[in-house]
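# Coordinate analysis (summary)
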Amino acid sequence: MAEQPALDFAGLLRQLRAAAGLTQEELAEAAGVSPRSVSDLERGINRTARKDTAVLLGGALGLAEPVRTLFVAAARGMAPAAEVLGAVRSARPRVWNIPARNPGFTGRDDLLAEVREQLLAGDKAVVQALHGIGGVGKTQLAAEYAHRSAGTYDLAWWINAEQGGLIGDQVAALGLALGCVQPGAGTEAVQAAVLAELRHRGRWLLVFDNAEDPADVAPWLPGGGGHVLITSRQRGWDEVAAPVEVDVLARAESVAILQTRVAALSAADADQLAAELGDLPLAIAQAAAFMADTGMTADEFLVLLRTRAGQLLAQGALRSYPRSLAAATGLIADRLARQDPAASELASVCAFLAPEPIPESLFTGAVSVLPSELAARAADPLAWRQTLAHVTRQSLARIDHRGLQMHRLTQAILRDRLTPAQAAATRAYAEALLAVSNPGDPPNPVTWPQWARLTPHVLAADLAATGSPALRELADHTCWYLIERGDTRTAHDLASGLRQQWRDRLGEDHEHTLTAAHYLAWTLLEMGRYAESRDLNQDTLARRCRVLGHDHPGTLYSAHNLAISLRKLGDVEAARDLDHDTLDRHRRVLGQDHPSTLRSATILAHDLRALGELQAARDLDHDTLDRRRRVLGHDHPDTLTSAANLAISLRALGELQAARDLDQDTLDRRRRVLGHDHPDTLTSAANLATDRRELSEADDAP
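Here goes a summary of the coordinates provided. What you see is a predicted model; the values in this text were computed from it and never measured. (Residues numbered from 1 in each chain as written. Predicted model: local features only at pLDDT ≥ 70, side-chain atom pairs only at ≥ 80, totals over all residues. Heavy atoms only, no water.)

Helix and strand counts for the protein stand at 35 helices and eight strands. For 702 residues, the compact-globule formula gives about 27 Å, and the C-alpha radius of gyration of the protein, at 34 Å, lies well above that figure. By its C-alpha atoms, the protein is 120 × 55 × 55 Å across when sized along the principal axes. Split into buried and exposed, the 702 residues of the protein put 51% on the buried side. At a minimum sequence separation of 6, the contacts of the protein that also span at least 24 residues come to 65%. With the model as given, the accessible surface of the protein reaches about 30,500 Å², and the carbon-plus-sulfur share is 50%. Here the protein carries 73 positive and 90 negative side-chain charges, and the mean point of each set is 4 Å from the other. (Helix = DSSP H or I, 4+ residues; strand = E, 2+ residues; numbered from the N terminus. Rg over C-alpha atoms; globule rule 2.2 N^0.38 Å. Buried < 20%, exposed > 50% of the residue type's maximum accessible area, 1.4 Å probe, protein only. Contact = heavy atoms within 4.5 Å. Areas by Shrake-Rupley, 256 points an atom, 1.4 Å probe, with all protein chains shown as cover. Lys, Arg positive; Asp, Glu negative; His and termini not counted. Charge placed at Lys NZ, Arg CZ, Asp CG, Glu CD.)

Turning next to the nonpolar core. Within the largest apolar cluster, 59 residues are counted, with the highest numbers of intra-cluster contacts made by L346, L362, F363, L434, L463 and L498. Element by element, the count of residues in this core is highest for helix 25 (residues 469-485), at eight residues. If we ignore the near neighbours within four places in the chain, the residues touching L362 are L353, L433, L434, S437 and L454. By size, the runner-up hydrophobic cluster in this structure holds 55 residues, among which are L130, A146, A156 and V262. (Core = buried A, V, L, I, M, F, W, Y, C linked by side-chain atoms within 4.5 Å.)

With that out of the way, let us pick up the sheet that holds strand 4 (residues 202-209). The parallel open sheet is built from six strands, whose spatial order is 1-3-4-5-2-6. The outermost strands of the open sheet, each flanked by one partner alone, are strand 1 (95-96) and strand 6 (242-245). Pairing analysis gives five bridges linking strand 4 to strand 5 (residues 225-232), with the strands arranged parallel. What sits directly across from L206, in strand 5, is V228. Docked against the sheet, helix 7 (residues 109-121) engages strand 2 (127-131), strand 5 and strand 6, running at close to 140 degrees with respect to strand 5. (Pairing = 2+ DSSP bridges. Axes fitted to C-alpha atoms, helices over the stretch in contact; angles between N-to-C directions.)

Glancing now at the packing of aromatic side chains. Applying the stated criterion across every chain yields a total of seven aromatic pairs. Through pairs of rings, three or more aromatic residues link up here, namely W480, Y519 and W522. (Phe/Tyr/Trp six-rings, centres within 6.5 Å; stacked < 30°, edge-to-face > 60°.)

What follows concerns the pairing of strand 5. When you tally the buried positions in strand 5, you get seven out of eight residues, the bulk of the element. In this structure, strand 2 lies alongside strand 5, joined through five bridges in parallel fashion. By the bridge assignment, H131 is partnered in strand 5 with S232.

Backbone geometry at A264 places phi at a positive 65 degrees, although glycine is not the residue there. Here A264 is to be found in the loop between helix 12 (251-261) and helix 13 (267-276). You can call A264 exposed: its relative accessible area is 84%. For D441, which is not a glycine, the phi torsion comes out positive at approximately 45 degrees. Checked against the element boundaries, D441 lands in the loop between helix 23 (420-436) and helix 24 (448-460).

Time to look at the pattern of salt bridges. What the rule picks out here adds up to 48 salt bridges. Note that D247 is salt-bridged to R398, the shortest N-O span being 3.2 Å. Highlighted residues: D247 in the loop between strand 6 and helix 12 and R398 in strand 7 (residues 398-400), separated in sequence by 151 residues. Residues D279 and R251 are paired through a salt bridge, measuring 2.9 Å at the closest nitrogen-oxygen approach. Of this pair, D279 sits in the loop between helix 13 and helix 14 (281-294) while R251 is found in helix 12, placing the two residues 28 residues apart along the sequence. Here the salt bridges share partners, and the residues they tie into one network are R503, E508, D509, D539, R543 and R546. (Salt bridge = Lys/Arg side-chain N within 4 Å of Asp/Glu carboxyl O.)

The subject of this paragraph is the pairing of strand 2. A regular strand places its side chains on the two faces of the sheet in alternate fashion. The buried count for strand 2 comes to five of five residues, which makes it a mostly enclosed element. Because side chains alternate across strand 2, one face comprises the buried residues V127, A129 and H131, and the other comprises Q128 and L130, equally buried. Sheet topology places strand 2 next to strand 6; four bridges connect them, and they run parallel. For L130, the partnering residue across the bridge sits in strand 6 and is V244.

Within the fold, W480 resides in helix 25. W480 gets classed as buried once you look at its relative accessible area, which sits at 13%. Each C-alpha atom, one on W480 and one on P442, is 6.2 Å from the other, the two residues being 38 residues apart in sequence.

Let us now look at helix 33 (residues 637-652). With 16 residues, helix 33 extends 23 Å from end C-alpha to end C-alpha; this agrees with the ideal 22 Å at 1.5 Å per step. Across the 16 residues that make up helix 33, a large majority, 13, are buried. (Expected span 1.5 Å × (residues − 1).)

For the rest of this paragraph, the subject is the side chain of H586. Structurally, the position occupied by H586 is in helix 30 (residues 572-590). Under the relative-accessibility criterion, H586 is labelled buried at 1%. If we skip the residues at most four places from it in the chain, H586 touches L556, H560, G591, S596, T597 and S600.

Here's what the structure looks like:
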């Protein structure tokens, strides 16, 4: 008998590719090489491969170490091909149908180690449910675990569990491979035989991929000495498995994937892309493939992502993922709409808010503006919890003590699925929710926690195009809150954008355009851009006088700001005259104790001090402080401003001990109310240091 010819690398590559179930084109795509390269190697035209090509092919074929190193050596003519084949066969369990490894798998080392550690711990953890939103990489994680741990199992079997009724057929195939089931055996016989066989074995791994319902999987769990991994978008696996939440990639991992797959992509561009994609593995992979295939730049891709995300993320599925992100999310959304239309409405409204946590009170406190069925749910604590569970169980969102949170790409896909009429109606519901949730009183720190939770969602709204006066008012108040909170830069950017957009759409003299201009001028003042602030305040004041009248609160606010700008620019007498007139109008229109009147008095006292009228400034500061303590309370920021101003007047008049005591109390209160780093707190610290120096207490300065 003639001897069989020795196995060469071409034959080895053909066998390994066939065992992985890949065509030449699929192997080339997975490895990131040209189909011609694979064809030439398999036909023996190229008898050896470059090292980098061999490494890519070994990864695409799912070869684990040390087999991959031996494969690379054989590809370069430095090891016999037969040894590679023998190593593959000995390294892999005899019974094995795990999908091919994803050669682009990156990171997740800590999570893989945690899964392995928990599986080895025994007890309930031998069944683990990897759950998370669509596209987060649950299936890839399970496959990577199986390949990395192949040498520790005698059998590893993959079951597509998306349709529970088809699990039995796949278990029957396992039974045939094990020799414990006869062809044509019924489901009950298969179940009994295979589970009994596994219970008498050790060192086995079952993977139930993309399972929908614990009830579908529970009857097929053998128990015994093996391990089970379940992947699912659903939550609620606690009764049959130890749940493991799979989150998005770390930013460094996202950047590494993008830079590896997209030629000449800078780290800065990769970081910006990863941020816009929310570090979602499937989105990162789709973006990298699309950019590499089309030659699209990062800037071009970002424009499309921000304007046509649903269409962009519907581009072809990758070999390592069964569906595109848009398709996978669409299936989940369709299922939710069939099962629970009210929960589907909730998900749609969330899609028009920010990807930051959405407080539950945004819905439960605004029942009157919700669609009827969702309103009924939000009004009933039990029904509301069930509705939240329906949304989170499908992994369209997650919920914790901060509220409901939806990934930015899930939001974009859900928005793009709506018809124009549906989108307009849903956006209107979201805007109404925000408008009725206005916490009010931006200067009051008591309201700041509410403002902090609401502000991301206000900034995410389409403020330029909204037809809701209440939402525009909320946007203006958000500027006010940001200024009071000390975030001048964000307030400036918001007010500047609103003024420009509303001026173009509503006109120069519209009340909301003028309000945005007022807050923009205020931010310019806080930023030390006094001349710009003066010019804008003069224009805004003139328009408000003409449109609203001289005594309107908005007009008087603009007069306030203009006077401060004038004083900062050295025109103190003009500032004093304007502030006298403004205070007189406030007292006549609003009364002596109105917060706006007291703010006007504070500004006039500044002018008097600057002009050397120290006793008059001291008396006005003292009166204003007394009134603010009575009206606003001792810890209100406006009250503390009056206290700081009175201390300045006292110091100027030589009453140093009284100034020091008042500054110390003000600093303590500002640290407690505003925080140690707020600009007003730092001003108080500087004032107290000045007092102590003048009292020869410099060594005690804070």
